[in-house]
Amino acid sequence: MHVDYGFWALVSFLLAAFVFVAYLFVLVAVLGDLFSDHSLNGWWKAVWMVFLVFVPFLTGLVYVIARGHGMAERRAAARRATAPRQAEYSPHVAAPPSPSDEIAKAKSMLDAGTLTPEEYESIKVRTLGEG
(Lines give C-alpha, C1' and ligand atoms only; values in the text may rest on other atoms or scores of the structure.)
Protein backbone atom coordinates (compact mmCIF):
# COMPACT_ATOMS: atom_id res chain seq x y z
CA MET A 1 0.00 0.00 0.00
CA HIS A 2 1.62 3.24 -1.19
CA VAL A 3 0.43 6.60 0.10
CA ASP A 4 1.63 9.80 -1.55
CA TYR A 5 1.27 12.72 0.83
CA GLY A 6 2.46 15.43 -1.51
CA PHE A 7 4.20 18.74 -1.10
CA TRP A 8 1.55 20.53 1.00
CA ALA A 9 1.42 17.69 3.50
CA LEU A 10 5.15 18.14 4.01
CA VAL A 11 4.79 21.91 4.36
CA SER A 12 1.98 21.54 6.89
CA PHE A 13 3.99 18.99 8.87
CA LEU A 14 7.02 21.30 8.96
CA LEU A 15 4.84 24.23 10.02
CA ALA A 16 3.24 22.16 12.78
CA ALA A 17 6.68 21.00 13.96
CA PHE A 18 7.92 24.59 14.00
CA VAL A 19 4.91 25.77 16.02
CA PHE A 20 5.36 22.89 18.48
CA VAL A 21 9.06 23.61 19.01
CA ALA A 22 8.34 27.34 19.39
CA TYR A 23 5.68 26.51 21.97
CA LEU A 24 8.18 24.35 23.89
CA PHE A 25 10.59 27.29 23.99
CA VAL A 26 7.83 29.57 25.29
CA LEU A 27 6.79 26.96 27.86
CA VAL A 28 10.33 26.62 29.19
CA ALA A 29 10.70 30.43 29.33
CA VAL A 30 7.38 30.79 31.17
CA LEU A 31 8.19 28.04 33.66
CA GLY A 32 11.67 29.46 34.27
CA ASP A 33 10.26 32.92 34.83
CA LEU A 34 7.41 31.63 36.97
CA PHE A 35 9.74 29.87 39.40
CA SER A 36 12.34 32.64 39.43
CA ASP A 37 9.79 35.36 40.29
CA HIS A 38 10.04 35.85 44.04
CA SER A 39 7.30 38.50 44.14
CA LEU A 40 4.63 35.99 43.09
CA ASN A 41 3.33 33.78 45.91
CA GLY A 42 2.92 30.03 45.65
CA TRP A 43 -0.82 30.05 45.06
CA TRP A 44 -0.53 32.26 41.98
CA LYS A 45 2.28 30.05 40.70
CA ALA A 46 0.01 27.04 41.18
CA VAL A 47 -2.83 28.78 39.30
CA TRP A 48 -0.53 29.55 36.38
CA MET A 49 0.69 25.91 36.40
CA VAL A 50 -2.86 24.53 36.33
CA PHE A 51 -3.74 26.75 33.40
CA LEU A 52 -0.49 25.80 31.64
CA VAL A 53 -1.48 22.14 31.93
CA PHE A 54 -5.12 22.46 30.83
CA VAL A 55 -5.02 25.39 28.37
CA PRO A 56 -1.36 25.50 27.36
CA PHE A 57 -1.29 27.66 24.20
CA LEU A 58 -3.67 30.30 25.47
CA THR A 59 -2.01 30.44 28.90
CA GLY A 60 1.46 30.80 27.39
CA LEU A 61 0.23 33.64 25.22
CA VAL A 62 -1.57 35.37 28.10
CA TYR A 63 1.46 34.98 30.38
CA VAL A 64 3.81 36.53 27.84
CA ILE A 65 1.40 39.40 27.22
CA ALA A 66 0.53 40.04 30.88
CA ARG A 67 3.94 39.47 32.44
CA GLY A 68 6.32 39.96 29.50
CA HIS A 69 7.71 43.25 30.78
CA GLY A 70 8.48 41.68 34.15
CA MET A 71 10.08 38.70 32.41
CA ALA A 72 12.44 41.04 30.57
CA GLU A 73 13.30 42.92 33.77
CA ARG A 74 14.04 39.72 35.69
CA ARG A 75 16.25 38.38 32.88
CA ALA A 76 18.14 41.69 32.68
CA ALA A 77 18.64 41.70 36.46
CA ALA A 78 19.92 38.13 36.32
CA ARG A 79 22.38 39.07 33.57
CA ARG A 80 23.58 42.09 35.54
CA ALA A 81 24.08 39.90 38.60
CA THR A 82 26.17 37.31 36.75
CA ALA A 83 28.18 39.73 34.58
CA PRO A 84 30.94 40.47 37.15
CA ARG A 85 31.46 36.79 37.92
CA GLN A 86 31.53 35.93 34.23
CA ALA A 87 33.97 38.74 33.45
CA GLU A 88 36.22 37.53 36.25
CA TYR A 89 36.04 33.90 35.14
CA SER A 90 36.28 34.26 31.36
CA PRO A 91 39.85 35.54 30.93
CA HIS A 92 41.23 32.63 32.93
CA VAL A 93 39.42 30.10 30.77
CA ALA A 94 39.52 31.80 27.38
CA ALA A 95 43.25 32.37 27.05
CA PRO A 96 45.94 30.24 28.60
CA PRO A 97 48.73 32.14 30.35
CA SER A 98 51.57 33.20 28.08
CA PRO A 99 54.97 31.53 28.47
CA SER A 100 56.46 34.76 29.81
CA ASP A 101 53.76 34.91 32.52
CA GLU A 102 54.47 31.29 33.47
CA ILE A 103 58.21 31.94 33.68
CA ALA A 104 57.69 35.17 35.66
CA LYS A 105 55.49 33.32 38.12
CA ALA A 106 58.05 30.54 38.44
CA LYS A 107 60.83 33.14 38.94
CA SER A 108 58.90 34.79 41.76
CA MET A 109 58.41 31.35 43.35
CA LEU A 110 62.13 30.69 42.97
CA ASP A 111 62.95 34.04 44.62
CA ALA A 112 60.53 33.24 47.45
CA GLY A 113 62.23 29.88 48.01
CA THR A 114 59.19 27.82 47.01
CA LEU A 115 60.98 26.27 44.03
CA THR A 116 64.49 24.88 43.73
CA PRO A 117 66.69 26.08 40.85
CA GLU A 118 66.27 22.66 39.19
CA GLU A 119 62.48 22.91 39.33
CA TYR A 120 62.66 26.45 37.93
CA GLU A 121 64.80 25.29 35.01
CA SER A 122 62.45 22.37 34.28
CA ILE A 123 59.48 24.77 34.24
CA LYS A 124 61.34 27.05 31.84
CA VAL A 125 62.19 24.16 29.53
CA ARG A 126 58.62 22.79 29.61
CA THR A 127 57.06 26.23 29.09
CA LEU A 128 59.28 27.17 26.20
CA GLY A 129 58.90 23.72 24.64
CA GLU A 130 62.60 23.04 24.44
CA GLY A 131 62.44 19.55 25.80
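These remarks concern the structure in this document. (Residues numbered from 1 in each chain as written. Predicted model: local features only at pLDDT ≥ 70, side-chain atom pairs only at ≥ 80, totals over all residues. Heavy atoms only, no water.)

### Looking at the overall build of the protein
- Along the backbone of the protein there are 5 helices and 0 strands.
- Overall, the protein shows an N-to-C arrangement of helices and strands of α-α-α-α-α.
- Scaling as 2.2 N^0.38, a compact globule of 131 residues should have a C-alpha radius of gyration of about 14 Å, whereas the protein reaches 28 Å, well beyond that.
- With respect to the three principal axes, the spread of C-alpha positions in the protein is 75 × 55 × 20 Å.
- The contacts of the protein with a sequence gap of at least 6 include a subset with a gap of at least 24, amounting to 42%.
- Here the protein carries 11 positive and 12 negative side-chain charges, and the mean point of each set is 11 Å from the other. (Helix = DSSP H or I, 4+ residues; strand = E, 2+ residues; numbered from the N terminus. Rg over C-alpha atoms; globule rule 2.2 N^0.38 Å. Contact = heavy atoms within 4.5 Å. Lys, Arg positive; Asp, Glu negative; His and termini not counted. Charge placed at Lys NZ, Arg CZ, Asp CG, Glu CD.)

### Topic: the side chain of Thr 59
- With respect to the helices and strands, the residue Thr 59 is situated in helix H3 (residues 56-94).
- Sequence-distant contacts of Thr 59, defined by excluding residues within four places in its chain, comprise Trp 48, Phe 51 and Leu 52.

### Description of the pattern of salt bridges
- Using the criterion set out here, one finds 5 salt bridges in the structure.
- The salt bridge partner of Asp 111 is Lys 107, with a shortest N-O separation of 3.3 Å. Taken together, the residues Asp 111 and Lys 107, both in helix H4 (residues 99-112) and 4 residues apart, mark about one turn of the helix.
- Ionic pairing is found between Glu 121 and Lys 124, a salt bridge with its closest N-O pair at 3.7 Å. (Salt bridge = Lys/Arg side-chain N within 4 Å of Asp/Glu carboxyl O.)

### Things to note about the packing of aromatic side chains
- Tallied over the entire structure, the rule returns 3 aromatic pairs.
- Residues Tyr 23 and Phe 57 carry aromatic rings whose centres are separated by 4.5 Å and whose planes lie at 45° to one another, so their mutual orientation is tilted. Separated by 34 residues along the polypeptide, Tyr 23 in helix H1 (residues 7-36) and Phe 57 in helix H3 bring together distant segments of the chain.
- Centre to centre, the rings of Trp 48 and Tyr 63 are 4.8 Å apart; their planes meet at 85°, and the pair counts as edge-to-face. Here Trp 48 is found in helix H2 (residues 42-54), whereas its partner Tyr 63 is found in helix H3, with 15 residues between them in sequence. No difference in accessibility class separates Trp 48 from Tyr 63, as the two residues are buried.
- Its guanidinium or amino end placed over the ring of Tyr 120, Lys 107 lies 6.0 Å from that ring's centre, counting from NZ or CZ. (Phe/Tyr/Trp six-rings, centres within 6.5 Å; stacked < 30°, edge-to-face > 60°. Buried < 20%, exposed > 50% of the residue type's maximum accessible area, 1.4 Å probe, protein only. Lys NZ or Arg CZ within 6 Å of the ring centre and 35° of its normal.)

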